[in-house]
Every structure is written in structure tokens, then in C-alpha cells.
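Notes for the structure review
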Amino acid sequence: MALPTISIQRDVILQIENHCLRELPREGCGLLAGHGRDITRFFPIPNQDPRPHSFSFEPRAYLETLKEMQRLGLELLGIVHSHPSSDPRPSAKDIQEWHYPGLTSWILSLKHDEPRLSAYCIQNGQVFPVMYLVSGPASDPS
């Protein structure tokens, strides 16, 4: 299955990493928004699941975030969550509980020293990797 490439801004990735690191040892989660195939915003959502290897959006925050996206004229493009101690691949639970065929699933692995972000399209229990380009200014080397 050939999927179009998605673009995500560098500062969005940094926001995801910072949020998910703050949530350790639990999974961090949130929504990704933008226009078309370009992700320009990350909206963190509190994880109401107390288990370390699971996430569930706090319902009120989720609904308020969707309203804020609409107010800003943004499209919901993806859902992101972290895997604190495993690779950035959807778990069996991630696949089973995915009910968003039009969205991309993003997973940030914090298993190693350097965070690793991967994106997927999940449809009918099948998982397809999604290529993405990082846009925006390069980080300051100093």
C-alpha cells in the first residue's frame, strides 16, 4: 500500500518528546493537527490510564482540544503516544483499539537514549509504515 509522505515540523517533534518525557513512567499522548499532509501542531492530552503501558485520553480535555482545533481551522491528522520501554511499533493492543482509519498513528519510543518517532496507517488490523519528512529550521548546533 503506497501512502503519501507526511510532513511534520521539527518543533512539533520536540514538543512531543518533551511532553512524553514529562509523563514517564507512563505513556504520554496527544493529537496532531495541521492541513492536508502537513502536521503543524501538537496538542497534549492528559492520559487518564494509570497503567504504565497504556493510554486513554481524558474525555473532557479531548473534546476541548477538538473544539480548539476547529476554532483554529486545523484538521485532526494523527494521534501520538509514547512507548516508554519498547520500540516505536504498534502493539497488539494499539492495533486492536485503533478506530481511526483516516488518521495516522504516531509512536515515540523512549526505550533508548535518543527518542525514536515512527508513523503508521492502521486499517482493518493491518499496519503500514508511513514515511514522513521533518520540516522547519535545523536545530542550533551550539
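Residues numbered from 1 in each chain as written. Predicted model: local features only at pLDDT ≥ 70, side-chain atom pairs only at ≥ 80, totals over all residues. Heavy atoms only, no water.

An unreviewed UniProt entry lists the protein under the name Proteasome lid subunit RPN8/RPN11, contains Jab1/MPN metalloenzyme (JAMM) motif, with Kroppenstedtia eburnea as the source organism.

Two strands pair when backbone bridges link them, and strand 1 (residues 6-9) and strand 8 (residues 132-135) are joined in this way by four bridges, in the parallel orientation. Its bridge partner being in strand 8, Ser 7 is matched across the sheet by Leu 133. Of the pairings in the sheet, the one linking strand 1 to strand 3 (residues 38-44) comprises two bridges and is parallel in character. Considered in strand 3, the bridge of Ser 7 is made with Asp 38. (Pairing = 2+ DSSP bridges. Helix = DSSP H or I, 4+ residues; strand = E, 2+ residues; numbered from the N terminus.)

This brings us to the UniProt feature "domain: MPN" (unreviewed entry) in the protein. Residues given the UniProt feature "domain: MPN" (unreviewed entry) here are residues 6-126. Taken end to end, residues 6-126 comprises 27% helix and 35% strand; its first and last C-alpha atoms sit 19 Å apart. (UniProt positions renumbered as here; feature names shortened; annotations may be inferred.)

Another point: the environment of Cys 121. Structurally, Cys 121 is set in strand 6 (residues 116-123). Linking Cys 121 and Leu 72, residues 49 residues apart in sequence, is a C-alpha distance of 25 Å.

The next subject is the pattern of salt bridges. Applying the stated rule across the entire model yields eight salt bridges. Where Lys 67 meets Glu 64, a salt bridge forms, and the shortest distance between an N and an O atom there is 3.6 Å. Within this pair, Lys 67 and its partner Glu 64 are both found in helix 2 (residues 59-72), separated by three residues, close to a single helical turn. For the salt bridge of Lys 111 with Asp 87, the shortest nitrogen-to-oxygen distance reads 3.6 Å. Placement of Lys 111 in the loop between strand 5 (104-109) and strand 6 and of Asp 87 in the loop between strand 4 (75-83) and helix 3 (92-96) is noted, with a sequence separation of 24 residues between them. (Salt bridge = Lys/Arg side-chain N within 4 Å of Asp/Glu carboxyl O.)

Once that is clear, we can look at unusual backbone geometry. Of the consecutive residues Leu 24 and Pro 25, the connecting peptide bond is found in the cis state with omega at 10°. In this fold, Pro 25 is placed in the loop between helix 1 (10-23) and strand 2 (29-35). We note that Asn 124 has phi near 50°; this positive angle belongs to a residue other than glycine. You can see Asn 124 is positioned in the loop between strand 6 and strand 7 (126-130).

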